[in-house]
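Close look at the chain arrangement
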Amino acid sequence: METSIKYRLLALLFLCLFAGGLYGQIPIKTYTTATDTFYWKRYVHIPRPEKIHLKKISESGYKKEIDRFIAQNTGDFQQFTNDSLSNRTLKDLRKSLYPTEINGDGKIDLIFSGFSGGLADITRIYLNRGDSFELVFEDYQYLTKFMRKNGLLTSLQTGDPGCGEDYLYFTRDYEVKWEESVPVFIKGKQTVAYKYTEEPREYWDKTIPFRSVSDTMMVRASAARLNEPFIPRLETFGNIIAKYRQKTRGAVLAVKNLGKGNTWYFVELFPGVAPAASILYEADKVPTFLRGWVSGQSIILDR
């Protein structure tokens, strides 16, 4: 009798484990297959922020200045000097240093762009003060724009495509104001887009402002109305990347016509109104312009 009860309990336990494993895995398998390996491959994605070639703006013949810089600033680059942190060496550090002029005083300045010691790269700008180098700028990842006028740095932009499990592309604009010989980097516009956003076939030469028709509007990753399946990793449905519960404004960058009454606009949402729900992260620290697709029925163009 006792043996029979034991067998029944074991059988019941086995059935519970089998059923729990079966039903616990079905949603995950179905959703990840539908979204990650099928749906997002239906169209061309927007490109990563394009890194500029720093060798094109750097100058040659400054080996002694680079040697002096390394000797004075090894503390800033322990990822290249500490054997326990990585297998990078000072040779790798040299390859990541770019001599260039940013303040027109005739002294060569230095840009470091490369390994930070972590997953993301880092960019730093050092001003040559004659007897030392002063760190004047730092941001993660890499440069996508670098503008100078009459030998003075006037603006730059950094691109951040994320790393690891990150799924957003960021660009950050900086304006440079000079107070005598001191550069002041003023953080301006930050733009964000989901990395699987559909790329428009052609951008307009001039943007057109728009406003939403009502206080409810969906921003999507592609020019289609898809509300399923649920994507656990993003905690959203279909191709929805943001939901607005207030009227908002922005600028139209491109258009896609799919037939009468089915027009979609690729837009940039102004940060004056925050979405009620979104897949965004790190967008609450500075005003962020969100890019995505909206239905033509949900906005009015202010021509």
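Basis of the calculations
- Residues numbered from 1 in each chain as written.
- Predicted model: local features only at pLDDT ≥ 70, side-chain atom pairs only at ≥ 80, totals over all residues.
- Heavy atoms only, no water.
- Phe/Tyr/Trp six-rings, centres within 6.5 Å; stacked < 30°, edge-to-face > 60°.
- Helix = DSSP H or I, 4+ residues; strand = E, 2+ residues; numbered from the N terminus.
- Buried < 20%, exposed > 50% of the residue type's maximum accessible area, 1.4 Å probe, protein only.
- Lys NZ or Arg CZ within 6 Å of the ring centre and 35° of its normal.
- Salt bridge = Lys/Arg side-chain N within 4 Å of Asp/Glu carboxyl O.

Glancing now at the packing of aromatic side chains. Under the defined criterion, the tally for this structure stands at 18 aromatic pairs. When the centroid spacing of 6.2 Å and the interplanar angle of 45° are considered together, the rings of Phe77 and Tyr126 count as tilted. Taken as a pair, Phe77 in the loop between α2 (63-73) and α3 (78-81) and Tyr126 in strand β3 (residues 121-128) lie far apart in primary sequence, 49 residues in all. Here the aromatic rings of Tyr203 and Phe266 are separated by 6.0 Å at their centres, their planes lie at 75°, and the arrangement is edge-to-face. Of this pair, Tyr203 sits in the loop between β8 (182-194) and β9 (208-212) while Phe266 sits in strand β15 (residues 263-269); the two residues are 63 residues apart in sequence, bridging distant segments of the chain. The exposure class of Phe266 is buried, given its relative accessible area of 1%. An aromatic cluster is present here, built from Phe69, Phe77, Phe80, Phe112, Phe115, Tyr126 and Phe133 joined pairwise through their rings. Over the face of the ring belonging to Phe115 we find Arg88, whose NZ or CZ atom lies 4.0 Å from the ring centre. The ring of Phe289 is capped by Lys189, whose NZ or CZ atom sits 4.8 Å from the centre of that ring.

Moving on: unusual backbone geometry. Here the residue pair Glu228 and Pro229 is connected by a cis peptide bond, since its omega of 5° sits within 30 degrees of zero. Look at Glu180: it is not a glycine, yet its phi comes out positive at around 60°. The exposure class of Glu180 is exposed, given its relative accessible area of 82%. Positive phi outside glycine occurs at Glu235, with the angle close to 55°. Inspection of the secondary structure assignment puts Glu235 in the loop between β11 (230-231) and β12 (236-237).

Going through the model one piece at a time under the given rule, you end up with 13 salt bridges. Salt bridges here are not isolated pairs; linked through shared partners, they connect Lys63, Asp67 and Arg94.

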